[in-house]
Amino acid sequence: MEEEEEQHLIGHDSGSESGPMVSATVGRAMTTLLSANPKKLQDAISNLHSPPKIAPLTVSMEQSLWFLHKYIGEAAETGEHLDQVLVPILQHTLTTRESKRGSNVLILLNWLFQDEVLFQVTVTNLAAVISRRDDRYVALGWCILGRSLIEYENVAKNVTTNAIREKYDVILKIFCSCVTHLLSIICKGSNMHEGFELPTRLAVAAADFILSLTVALTRKDLPSNNITKRQTSSFVTAKSQPLNSLVTATNDRDEDTLRKASELPPSLELKFLLWNNLEELITLVKKLTAWSRKSRSLQAKGLERVLKWLKELKQHNSSFQDEAELQMLKTGSLLLTSCWKHYGMLLHLEDHKISQQHKELLEQYLSGIQFYADDQAEEHDASKSSKSKTINFFLNCLLLLLGRLDNEQFANAVTEFGSQVSQVLISQLRYPDEEVINGAISIFKAVVLGTNHTLSKRSLGDVRQMDALLPLLLNLLDERDAAAKAIVKLLAEYCSICSDSECLNEVLKRIVSKNVAQRRNAIDFLSDLIHLSSGSTNTLPQACWQDVANHLLECLGDEDQIIKDQAAKLIPMIDPPLVLSTLVDLSYSTQESVQISASTALVALLVNHKHNPEILCLLLDCLSKLSQNPDSGAVIGTKEGSTLDADRLLKLLSEWAKHVEDWHVVVGPLIDKMLAEPSNALIVRFLSHISEYLAEAVHIVFNRLVSYMREQKVIDECNSKWKGRTDSKSEAMKHEHCLFNRLCPLLIIRLLPLRVFDDLNSPLVYGDLPSNSALRENRQINIEVSDCIAALMISRALSKSEFEDVRKLAAELCGRIHPEILVPILSSELEAAANAKDVFKIKVCLFSFCTSLMVRGNSAYKHPNVFIIRKTIHQILSWSSVDSDEISKAQHGCIDCLALMLCTEIQSPKSSKGTAIARDSVLAYVTNQLTGDENDSSFESEGGDTVTGATARLSFRLCMANVLISACQKISDAGKKSFVKKIVPCVIRSIGEIVEPDIRAACVQVLFSVAYHLKSSIFSHSNDLLSVALKSLRDGSQKERMAGAKLVMCLMASEEDVVESISAGLLEARALLQKLSSTEPSPDVRQICRQLLVFLTSR
């Protein structure tokens, strides 16, 4: 009958729906038990002796207990998991954490743990459910329940926990198997916020569970060790089963390690479990450190030190392989146990108990430091090392304790214990252990600054506290040791957040000390102060920063190289206006070492502010001011006297330019400054050093210039207004200002590389000029229709009302314009100017085209419209002129233009081969016009005056000779040999055929120019040249004889191989010169012949 009632109560029917019925029954039973009044639940357990009578409608508490007992017992036999029991328990734990009914879980577990079988299956399933169920709410409840079991003495109030206490050590061993899974939860349970890791609620609970578990492993008085009599189930007597399987289940990753551990005494078995989780502790502390950095800076410092200690402990006791090393394991595990007992307790993220006893702990740790610090006299090294480690332990505990307090608790602790803490810690600053000093200074800093969290502005009380300690701290800066290093960091951090300047001024006094240690400590202080203040909202007053800047600048002249180098590195981090002017002055110091340090610091400062054009403008202002008055200031002076070599400093800016990543930010303000100060030549020189970089943002440059030049159109009359007037100094200054305003944009354009004019599609450079084909066909191009750089330059070059300097520069710059645009415009303008005999425009067009030939070379020469320019030049050279008149000057321009065309033609790869002269080439045109004696109708004068026409024709042919002479001077080294090969044979051959003596003389003059300017290329023609010279001396006119004598002189002064080549002909030359030196009617020719004769005689 009793068995039937049991079966009915459990719900084990033979029907197919027995499973769901059991689940429903389990659910009702768990609901009944967990929702019951804790006292009634304990009474029900105490009065439970036999299966209760089944109620027809309700499930009583006794029935639920009986059912739960039988259900778990059968699960132990069948191996089924207990999720239907454990999950409600975990959910209940989570929802009733702060409720009185939360104790029902411990009451039920304590009752189940009284039966050995039920204990084993319950705890084993509890350990497994967290990894089996991927549910964060289940995991959170599990962590809370697990910690409650471990800390049952503090959690369970007025609740019987005898069975939990009895099985306590086994519970700890089983829970150790969950550490690895919980660590995975912790490692994944972080959220990033403003660059810091913050834990989730689950990660906090998991971390606190591991801390509670590992701290429990350090206990010497385990509750289970005090049980002398085992209790049995209140209504079932079960056979006890061995717990070996549970022990070995704690960690199966290293069977050999566990086997060795089993050889340890029972008192060390749990301590070994802690040791076996050393790697897990290291991982846990790493995460705790990361979580503390944002808001618990002091605790983070303590965690870093604990982490370092754990790693060192692991390294020193990494394995044990023999009996001797087993003792090492024992020592290591005991050390870990003794220290972790405190560390683990202080690391809890949620623990109100610590807050209640923090004063007691604070006194305990301070007493420990004081005791070991006082007991260190006459100790040997090993003992001192041991005591250092002990002091470090107490310091770590202090860091963790003070770091976990909230603002109010910390403030109260400082108020009550601040004086005692300061006395204890200051004594440690002289301790011969850097780690002790660092730990002490970290705590001391928190106490002095009044916070264990993120630093902020201090109150007046904090300043007074620091003022009282300042003399003592400053005394520690007389030496270069670990204490001084720590104090430097403390004072720097204090000054970085405190508006009071007393501390800063006291440290700055040591900058000028005769003690090098004090000076180095002071410069280290400034280094830390600057780094801490960088990007901080709590900055020093401007006056304090000026003091800092002035002292750093003084350090550039320090005799100690370390101080000097450090100052040079720190100055670039100071606000530039505070240092730039003096830094520029020091860059011209007469002391070379100061000059080098200042220049290095200046470049670094510019690099730090590479995208701030205001700093560059400020630098230029300082340099301009210094160049205007180079003798100002006692520290300034140059080796060259009062002349300032600005370029020496400007050249240093190339290093700055290499670091600029976005020139679009920098270029605009620099151009604006140049336009605002057009007469400042220093800015032009500066821009010349960065011209290649300006091209990277050339659209910004051109946009500024187009706008600037467009606005100037309305003041073209300013030149004529002041032209020729110097009524007063004021008027002269206005005139000069207007001139520089007009020159300034052109000076900027001249700085730019040629490639900026290559883009024909650039609207800023060419506007609609490339598409203006209709106008081009009519040879009339209106450059006024387009507001672009090219049109504006051409307009200024052709403007008669413009300043002459502006016109010349504009005409030169026009040569940079792409030939596809420039040549058609110039050919049209030149043709129109020639028809109107407008000499001014003729000279401008010729000069621009010459520049184009020089910078554009063959691409300009090959343009089809060059033929029109050649025809117009021919027309201009046909005009009658008088020396030095305007037409003569225009013709000189034509000669230079033809010479450049000839040079460009000869230097082209196609023309440089062979001696043949192309029929349509400029060279053919020039030589034919020079050597041809036939009449040309284009030289007939108005009215058919043949005499005047002949004179014009002669003048024209002489111009062709001058073209060749000019070409000799302009030809590049690459084209010299080709030039000689083509010109010399042609001219020599023509001399014998030319009838006109003046033309023959001009041809000999051409050969003289070839010999003089191209002497390295005439070797193969040297004898022919000598023959022509002697023939001219013997049979020619006076002009021919003079040209021949000069040619002989040039050949005799040529290179050795040329002189040797003509040595045979020099005998004839000697006889001829002797004759002419006495018979020559011309004094000039006679004199030069005598000089040549003397030279020949002396050889």
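In this text the structure is predicted, and so the values were computed from the model without any measurement.

Trainee: For this particular structure, what's the right way to read the overall build of the protein chain?
Mentor: Within the protein chain, the regular secondary structure consists of 59 helices and two strands. Burial analysis of the protein chain (1099 residues in total) assigns 54% to the buried set. A separation threshold of at least 6 residues defines the contact pool for the protein chain, and within that pool the share at least 24 residues apart is 74%.

Trainee: Just checking my understanding: could you explain the pairing of strand 2 (residues 196–199) for this structure?
Mentor: On a regular strand, one side chain projects to one face of the sheet and the next to the other, so that they alternate. As defined by bridge partners, strand 1 (residues 190–193) adjoins strand 2 across four bridges and the pair is classed as antiparallel. Opposite Asn191, over in strand 2, you have Leu198 as the bridge partner.

Trainee: Quick question: what am I supposed to make of the pattern of salt bridges here?
Mentor: Pairing is possible between side chains of opposite charge, provided their charged atoms come close. In this structure the tally under the stated criterion is 41 salt bridges. A salt bridge links Glu166 to Lys167, with the nearest nitrogen and oxygen atoms 3.6 Å apart. Between Glu886 and Lys843 there is a salt bridge, and its shortest N-O distance comes to 3.2 Å. Here the residue Glu886 occupies a position in helix 50 (residues 886–907), and Lys843 occupies one in helix 47 (residues 839–856), the gap between them amounting to 43 residues. Each of the salt bridges in this network shares a partner with another, and the network as a whole consists of Asp83, Arg132 and Arg133.

Trainee: Explain helix 30 (residues 561–570) here, please?
Mentor: An α-helical turn contains 3.6 residues, so any two residues separated by three or four positions project in the same direction. Regarding helix 30, the residues found buried are Ile563, Lys564, Gln566, Ala567, Ala568 and Leu570. Looking at the packing, one finds that the buried side of helix 30 touches helix 28 (516–533), helix 29 (542–555) and helix 32 (592–608).

Trainee: Would you take a moment to explain the side chain of His863 for this structure?
Mentor: With respect to the helices, strands and loops of the structure, His863 is situated in the loop between helix 48 (858–861) and helix 49 (866–877). Given the relative accessible area of 9%, His863 is considered buried. Leaving out residues up to four positions away in the same chain, His863 has contacts with Pro819, Glu820, Val823 and Pro824.

Trainee: Whenever I open this one, the state of the cysteines confuses me. Can you help?
Mentor: A disulfide bridge is the covalent bond that connects two cysteines by way of their sulfur atoms. Tallied over the full model, the rule gives zero disulfides. Of the cysteine sulfurs around Cys968, a residue in no disulfide, the closest is that of Cys903, at 8.3 Å. Cys986 takes part in no disulfide bond, and the closest cysteine sulfur to it belongs to Cys1003, at a distance of 8.7 Å. For Cys986, a relative accessible area of 10% gives the class buried.

Trainee: When you look at the packing of aromatic side chains in this model, what are you seeing that I'm missing?
Mentor: Where two aromatic rings form a pair, the distance of their centres and the angle of their planes describe that pair. If you walk through the whole model with that rule in mind, you get 17 aromatic pairs. Centroid distance Phe702 to Phe757: 6.0 Å. Interplanar angle 55°. Geometry classified as tilted. Taken together, the positions of Phe702 in helix 39 (residues 698–711) and Phe757 in the loop between helix 41 (729–751) and helix 42 (763–766) put the pair 55 residues apart, joining distant regions of the chain. A relative accessible area of 1% means that Phe702 is categorised as buried. By way of ring pairs, the aromatic residues Trp309, Tyr343, Tyr365, Phe371, Tyr372, Phe393 and Phe394 are connected into one cluster. Stacked on the ring of Tyr925, the Lys or Arg Arg870 has its end atom at 5.6 Å from the ring centre. The ring of Phe1008 is capped by Lys1046, whose NZ or CZ atom sits 5.0 Å from the centre of that ring.

Trainee: Quick question: what am I supposed to make of the nonpolar core here?
Mentor: General note: in soluble globular proteins, nonpolar side chains tend to be found buried as a group. In terms of nonpolar packing, the biggest core is built from 370 residues, with Trp142, Trp340, Leu491 and Trp656 touching the most fellow members. The element best represented in this core is helix 50, accounting for twelve residues.

Trainee: Help me understand helix 32 in this model?
Mentor: With 17 residues, helix 32 ought to run about 24 Å at 1.5 Å a step, and its terminal C-alpha atoms sit 24 Å apart, in line with that. Those residues of helix 32 lying buried are Val594, Gln595, Ser597, Ala598, Ser599, Ala601, Leu602, Val603, Leu605, Leu606 and Val607. Considering only its buried residues, helix 32 is in contact with helix 30, helix 31 (576–586), helix 33 (613–628), helix 34 (646–650) and helix 35 (653–659).

Criteria and cut-off values
Residues numbered from 1 in each chain as written. Predicted model: local features only at pLDDT ≥ 70, side-chain atom pairs only at ≥ 80, totals over all residues. Heavy atoms only, no water. Helix = DSSP H or I, 4+ residues; strand = E, 2+ residues; numbered from the N terminus. Buried < 20%, exposed > 50% of the residue type's maximum accessible area, 1.4 Å probe, protein only. Contact = heavy atoms within 4.5 Å. Pairing = 2+ DSSP bridges. Salt bridge = Lys/Arg side-chain N within 4 Å of Asp/Glu carboxyl O. Disulfide = S-S within 2.5 Å. Phe/Tyr/Trp six-rings, centres within 6.5 Å; stacked < 30°, edge-to-face > 60°. Lys NZ or Arg CZ within 6 Å of the ring centre and 35° of its normal. Core = buried A, V, L, I, M, F, W, Y, C linked by side-chain atoms within 4.5 Å. Expected span 1.5 Å × (residues − 1).

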